Amino acid sequence: MDTEREQKNLRRIVSQLYIRDNCHPFKASLLVWVQLPLWFSFSLALRNLSTQMCALQAELAAGGALWFPDLTIPDSTWILPVSLGLINFLIIEIFSLQKVNPTRLQRIVTNFMRGFSLLMIPVAATVPSSMALYWVTSSLVGLSHNLLLRSPTIQKFLRLPTCRSSFPYRDLFAAFVVKYLRRTRTS
């Protein structure tokens, strides 16, 4: 009975915090529900432009750079696919380093996202380089946003709530060292 009352009280407090701080969880996920259809649409458009006979296919075939001179064929060097997987994996690890004591569900979701990042490598190796280049660029922008928004100067400029630390990048690196490098030394 007490547990049920505590749960009800906890839900009431959380609801009050949502109202007070104007931060309902749906608002945080709203951007994802806008981004996913756009990402999917752009990916399909690039695939169609790269694989179907159209006026732009010839330009895409001659429009590559560096090691991928033809954007209509997959990257045979695997540089773009592996870069995509590593960048996405890095984004996930940055988020996982913020969690001090993650719940079981958070650990499951994090591990699922890690697996999905690794799964994207062979997928990106089979699609036209134009798609893989778009995916890498999109992931790099996401990583840049994640790192840039940690800056106290940027947070102050954008009038965002400031983070707890004056040195977020140093703290992030220290958390990485503790989680991954010290663990391997003691093993």
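Everything that follows concerns the structure shown earlier in this document.
S.K.: What's the story with the side chain of serine 130 in this structure? I'm lost.
M.R.: Within the secondary structure, serine 130 is located in helix H6 (residues 129-148). Sequence-distant contacts of serine 130, that is, excluding residues within four places in its chain, are made with Leu46, Ser50 and Leu71.

S.K.: Can you walk me through the pattern of salt bridges in this structure?
M.R.: The full count for this structure, using the stated rule, is one salt bridge. Residue glutamate 93 pairs with arginine 114 through a salt bridge whose shortest N-O separation is 2.5 Å. With glutamate 93 in helix H4 (residues 79-98) and arginine 114 in helix H5 (residues 104-126), the pair connects residues that are 21 residues apart, well separated along the chain. The exposure class assigned to glutamate 93 is buried, which follows from its relative accessible area of 6%.

S.K.: Got a minute to help me understand the environment of serine 139 in this structure?
M.R.: The topology assignment puts serine 139 in helix H6. Sequence spacing of serine 139 and glycine 85 is 54 residues, and the spatial spacing of their C-alpha atoms is 9.3 Å. In contact with serine 139, other than residues within four places in its own chain, are Leu84, Ile87, Asn88 and Ile91.

S.K.: Before we go on, may I ask you to explain the layout of surface pockets in this structure?
M.R.: In this approach, a probe sized like a water molecule rolls over the atoms, and the result shows the empty space that is left. If you add up the space inside the largest pocket, you get close to 1500 Å³. Lining the largest pocket are 31 residues; nearest its centre among them are Val32, Gln35, Asn88, Ile91 and Met113. Mapped onto the lining of the largest pocket, the elements with two or more residues apiece are helix H2 (25-51), H4, H5 and H6. Within the lining of the largest pocket, the residues separate by chemical class into 18 nonpolar, twelve polar and one charged.

Each value, and the rule that gives it
Residues numbered from 1 in each chain as written. Predicted model: local features only at pLDDT ≥ 70, side-chain atom pairs only at ≥ 80, totals over all residues. Heavy atoms only, no water. Helix = DSSP H or I, 4+ residues; strand = E, 2+ residues; numbered from the N terminus. Contact = heavy atoms within 4.5 Å. Salt bridge = Lys/Arg side-chain N within 4 Å of Asp/Glu carboxyl O. Buried < 20%, exposed > 50% of the residue type's maximum accessible area, 1.4 Å probe, protein only. 1 Å grid on protein atoms, 1.4 Å probe; cavity = no way out; pocket = protein on both sides within 12 Å on 5 of 7 lines; lining within 4 Å. Points joined across faces, edges and corners; volume = space filled by probe spheres on them. Nonpolar A, V, L, I, M, F, W, Y, C, P; charged D, E, K, R; others polar.

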